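Listed below are the residues making up each chain.
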Amino acid sequence: MTDLSGDERRAVEAQLFRLADDEYVIAERYTEWQIYAPTLESDLALANVAQDEFGHARLWYDLLQDDFDYTEEEVLWRRDPGAFTHATLTELAFADDGWGDAVVRGYLYDTAERLRLEALVDSSYAPIADRVGKVLDEEGYHREYAESWLERLASTDAEGRVQAAVERLFPHALTLFAPGPDEDLIRDYGIRTESLADLREEWLDTVVPTLDSLGFTVPDPEDVALPDARGRDGTHTDDWYDLHEAFTSTHRELDFDRPTRLRGEEA
C-alpha cells in the first residue's frame, strides 16, 4: 500500500476513479454497436476502440487495487452505482437514429481525453505518469477515427442527424470538466498539472472550430446549461442505472466470491 497522507491519498483515488470510470463506461456503450455499425470496417474499428478503453480502465482500476488495497468487487462489480464518477457523456444511451451519435460522442470524448492525459504526464504520482504514454498513443487513433467519420458524414444525408447529436451531446460533454468533491486536492498535490477550467478552454478551442469547419453548428458554451446530472458528483441519468444493472447482472447472479483480476491475474 502506498504511503501517502490522507488528503493526498484522496486526491489520487479521486483521479484514478474518474479515469477508470470514464473509460469503462464509454467502452460498455461502444460494445452496443457490435454488428450494428454501418460497415464491417467500422464495426471492427469501434470494437477495437472499445477493447482499448476497457484496457485503459484496467490500468487505472488495477492501480487502485495494487496501491490502495481495493478489491475488484469494490472498484467495479459490487460498487454502488451512485459512487461512480464518470461524466454523463459516457453513460447516455445512444439515440435511436444512431451512428452519428456514436461518432460525435467519440470525437468529443477522445479530444477531451487527450488533453486530460497530457495534463497527467508530469503527475506527482509516479504510477499514473508511468502509464499515461501508452494510453495517449492509443487515444490518438480513436480521435483520428472519429474525425474521419465526422468528415464522411458531413457530406451525406446523415448531416442533420449528426447536427442533432451535437446539440444533444454537447451539454453532457461539458460535464467532462465538471469538478468533483476532491478537485482542489488533485490540483494542490499536483496529481494533474492543469485546472479543469484550462482544459475546458483548450477543448473548446479544438472542437468548436473543427465542427464549424464541417458545417455543424455548436451551441454557445456560455448559453449551455449543464445537465442536472453531472456524473463527477455522483449524480447520474436514468440511462446509467439501466447500464449498471446490465453489466453487473452476471456477476451478481453467479455470486462470485473471488473474481478474476481484470488483467487475468489471480485475485
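One structure accompanies this document, and this report is about it. (Residues numbered from 1 in each chain as written. Predicted model: local features only at pLDDT ≥ 70, side-chain atom pairs only at ≥ 80, totals over all residues. Heavy atoms only, no water.)

### Some words on the side chain of His-244
Mapped onto the secondary structure, His-244 falls in helix 10 (residues 238–254). Reaching out from His-244, the side chain makes a polar contact with the backbone oxygen of Arg-79 at a distance of 3.2 Å. When near neighbours in sequence (up to four residues on either side) are disregarded, His-244 contacts Arg-79, Pro-81 and Phe-84. (Helix = DSSP H or I, 4+ residues; strand = E, 2+ residues; numbered from the N terminus. Polar contact = N/O pair within 3.5 Å; in protein donor to acceptor, adjacent residues only side chain to side chain. Contact = heavy atoms within 4.5 Å.)

### So, the packing of aromatic side chains
According to the stated counting rule, one finds 15 aromatic pairs in the structure shown. With a centroid separation of 5.3 Å and 80 degrees between ring planes, the pair formed by Trp-99 and Trp-149 is classed as edge-to-face. Residue Trp-99 is found in helix 5 (residues 99–118), and its partner Trp-149 is found in helix 6 (residues 126–154); the two are separated by 50 residues along the sequence. Both residues of the pair, Trp-99 and Trp-149, belong to the buried class. Cluster of aromatic residues (ring-pair linked, three or more members): Tyr-24, Phe-54, Tyr-61, Trp-77, Phe-84, Trp-240 and Phe-247. Over the aromatic face of Phe-84 sits the side chain of Arg-79, whose NZ or CZ is 4.0 Å from the ring centroid. (Phe/Tyr/Trp six-rings, centres within 6.5 Å; stacked < 30°, edge-to-face > 60°. Buried < 20%, exposed > 50% of the residue type's maximum accessible area, 1.4 Å probe, protein only. Lys NZ or Arg CZ within 6 Å of the ring centre and 35° of its normal.)

### With respect to the pattern of salt bridges
Summed over the entire model, instances satisfying the criterion amount to 16 salt bridges. The closest approach of N and O atoms between Glu-32 and Arg-29, which form a salt bridge, is 2.6 Å. Since its relative accessible area comes to 5%, Arg-29 is described here as buried. For Glu-73, the salt bridge identified is with Arg-78, shortest N-O distance 3.1 Å. Each of Asp-22, Glu-113, Arg-116 and Arg-232 takes part in a single network of salt bridges with overlapping partners. (Salt bridge = Lys/Arg side-chain N within 4 Å of Asp/Glu carboxyl O.)

### Notes on the packing of helix 1 (residues 6–30) against helix 5
As a packed pair, helix 1 and helix 5 sit with axes 13 Å apart at the nearest point and diverge in direction by 155 degrees. Judged by the inter-axis angle, helix 1 sits roughly antiparallel to helix 5. Of the two possible hands of crossing, helix 1 and helix 5 adopt the one that is left-handed. Contacts between helix 1 and helix 5 involve Gln-15, Arg-18, Leu-19, Asp-22, Glu-23, Ile-26, Arg-29 and Tyr-30 on the former and, on the latter, Arg-105, Gly-106, Tyr-109, Asp-110, Glu-113, Arg-116 and Leu-117. (Axes fitted to C-alpha atoms, helices over the stretch in contact; angles between N-to-C directions. Parallel < 35°, antiparallel > 145°, perpendicular 65-115°, else oblique. Left-handed = near helix turned anticlockwise from the far one by under 90°.)

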